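So you can see what is in the structure, the chains are spelled out below.
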Amino acid sequence: MNKTIPVHHNKPTRRSWRQTLPLPLLEAGLLLTWSSGFIGARFSIDYAPALLVVFWRCVVVSVVLLPFVYKSLLKTPFRVLLRNGGIGLLAMAGYMTGVTQGIALGVPAGLAALCADLLPLGMALLAAVFLGERLVPQVWLGLIVGLGGVIWVTHDVLGQGSAPLWAYGLPVAGMLSLAVATLWQKRGSASRSMDLLPDLWLQCFVSSFAFAAIQGSQGSLAPIPTLGFTLSVLWTVVLATFGGYGLYWICLRRSSATRVASVLYLSPSITLLWAWAMFGEPLSWQVAIGMVISAVGIWLVLRAGTGPAS
């Protein structure tokens with residue numbers, strides 16, 4: 001007698017929108033929202049201290065996300081929370097303190113964007129010095145070409161600004177803080193990772209204490225009841241946090257740290273476009289040429305094989 005062999009049909013695995021959307025589309029959104037952070041910092045300092053705005057930005061995000069993430073947080077081992085909280089302090093509190101305080105002290109927004117977007121070189125140098133990693137020559141060439149495009153776009157602001165000399169090191173320090181956080185995140189095992197929303201909540205929650213300590217030592221933490229302050233907080237919550245940081249970590253999970261950081265080389269050019277649209281700052285062929293040079297640098301990095309990380 002012949003036996004009927006049952007056939008088992010595997011149900012298709014559902015994939016989230018973060019996995020189905022093309023990576024270039026996510027990277028385009030990252031560029032737009034990441035650049036908005038510099039414009040938000042420039043906009044907000046006309047209405048309130050920069051760190052007061054980012055403090056309330058973290059508070060609002062923590063309150064909004066808590067109902068959606070608390071169950072996941074309760075199931076997460078404490079050592080994983082501790083690790084990701086440390087990454088959040090470096091990536092959010094360290095980075096934003098350096099950038100926003102630099103701008104508040106008079107560092108031009110374009111120069112702050114330039115320093116912040118040295119991230120690929122910062123990561124490469126840190127990885128080479130402390131981790132013993134090596135990058136192929138084509139990646140180094142792409143990073144240098146991309147840096148040349150950034151400098152081309154922003155060289156006319158390098159002599160501007162009334163900040164004290166030491167203040168120009170703040171955006172660089174912020175960039176190095178984000179570079180350490182990025183390398184730490186990418187070197188972690190899957191068992192120590194968290195879902196995106198709980199991770200973003202944790203970063204904002206722990207960073208709110210850092211911002212409260214710094215801003216509280218300088219003045220009040222009370223919100224300022226003005227439209228400008230409210231718009232500044234909403235701008236940084238929606239665009240810079242949910243958009244910028246959210247897409248940064250999504251792209252980082254979909255590809256390599258070098259690719260994500262190299263794409264951000266276009267951020268200074270996009271920042272200048274934001275400034276033109278919102279503040280009427282003039283554009284020039286210098287911007288267009290710089291964007292092309294940066295695009296060539298990004299293409300060299302991507303062509304070197306820095307594809308999705310396993």
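The structure this text deals with has already been given above.
Residues numbered from 1 in each chain as written. Predicted model: local features only at pLDDT ≥ 70, side-chain atom pairs only at ≥ 80, totals over all residues. Heavy atoms only, no water.

This part takes up the overall build of the chain. Looking only at helices and strands, the chain features 13 helices and zero strands. Secondary structure of the chain in N-to-C order comes out as α-α-α-α-α-α-α-α-α-α-α-α-α. Expressed as a percentage of the 310 residues in the chain, the buried residues total 49%. Partitioning the contacts of the chain with sequence separation of at least 6, the portion at a separation of at least 24 is 91%. Working note: accessible area of the chain is about 15,400 Å², and carbon and sulfur atoms make up 68% of it. (Helix = DSSP H or I, 4+ residues; strand = E, 2+ residues; numbered from the N terminus. Buried < 20%, exposed > 50% of the residue type's maximum accessible area, 1.4 Å probe, protein only. Contact = heavy atoms within 4.5 Å. Areas by Shrake-Rupley, 256 points an atom, 1.4 Å probe, with all protein chains shown as cover.)

This part is about the packing of helix H3 (residues 50-75) against helix H10 (residues 227-254). What describes two packed helices is the angle between their axes and the distance between those same axes. Interaxial distance between H3 and H10 falls to 9 Å at its minimum, and their mutual angle equals 60 degrees. For H3 against H10, the interelement crossing comes out right-handed. Contacts between H3 and H10 involve Leu 52, Val 53, Trp 56, Arg 57, Val 60, Val 61 and Leu 65 from the former and Phe 229, Ser 232, Val 233, Thr 236, Val 237, Ala 240, Thr 241, Phe 242 and Tyr 245 from the latter. By residue class, the composition of the contact of H3 with H10 is twelve nonpolar, three polar and one charged. (Axes fitted to C-alpha atoms, helices over the stretch in contact; angles between N-to-C directions. Left-handed = near helix turned anticlockwise from the far one by under 90°. Nonpolar A, V, L, I, M, F, W, Y, C, P; charged D, E, K, R; others polar.)

Next up on the list: a nonpolar patch on the surface. A contiguous nonpolar patch, built from Leu 66, Tyr 70 and Leu 74 and spanning about 320 Å² of accessible area, is present on the exposed surface. With respect to the helices and strands, Leu 66 occurs in helix H3. (Patch = residues over 30% accessible without salt bridge, like charges linked within 9 Å, V, L, I, M, F, W, Y side chains within 5 Å. Salt bridge = Lys/Arg side-chain N within 4 Å of Asp/Glu carboxyl O.)

In this section: helix H4 (residues 78-104). Given a rise of 1.5 Å per residue, 27 residues ought to cover 39 Å, and the 36 Å separating the end C-alpha atoms of H4 matches this to within 8%. Residue Leu 89 marks the point of greatest curvature in H4, where the axis turns by about 25 degrees. With 19 of 27 residues buried, H4 is to be regarded as a mostly interior element. Downstream of H4 by one or two residues, Gly 106 has phi in the positive range, about 115 degrees. (Expected span 1.5 Å × (residues − 1). Bend = angle between axes of the 7 residues up to and from the residue.)

Tallied over the full model, the rule gives two salt bridges. Of the charged contacts, one joins Glu 27 and Arg 259 as a salt bridge, the two residues approaching to 2.7 Å between their closest N and O atoms. Placement of Glu 27 in helix H2 (residues 23-44) and of Arg 259 in helix H11 (residues 257-263) is noted, with a sequence separation of 232 residues between them. On the accessibility criterion, Glu 27 (8% relative accessible area) is buried. Its salt-bridge partner being Asp 199, residue Arg 253 comes within 3.6 Å of it at the nearest N-O pair. Here Asp 199 lies in helix H9 (residues 196-216) and Arg 253 lies in helix H10, a separation of 54 residues in the sequence. Looking at Arg 253, the relative accessible area reads 36%, which means it is partly exposed. For Asp 199, a relative accessible area of 2% translates into the label buried.

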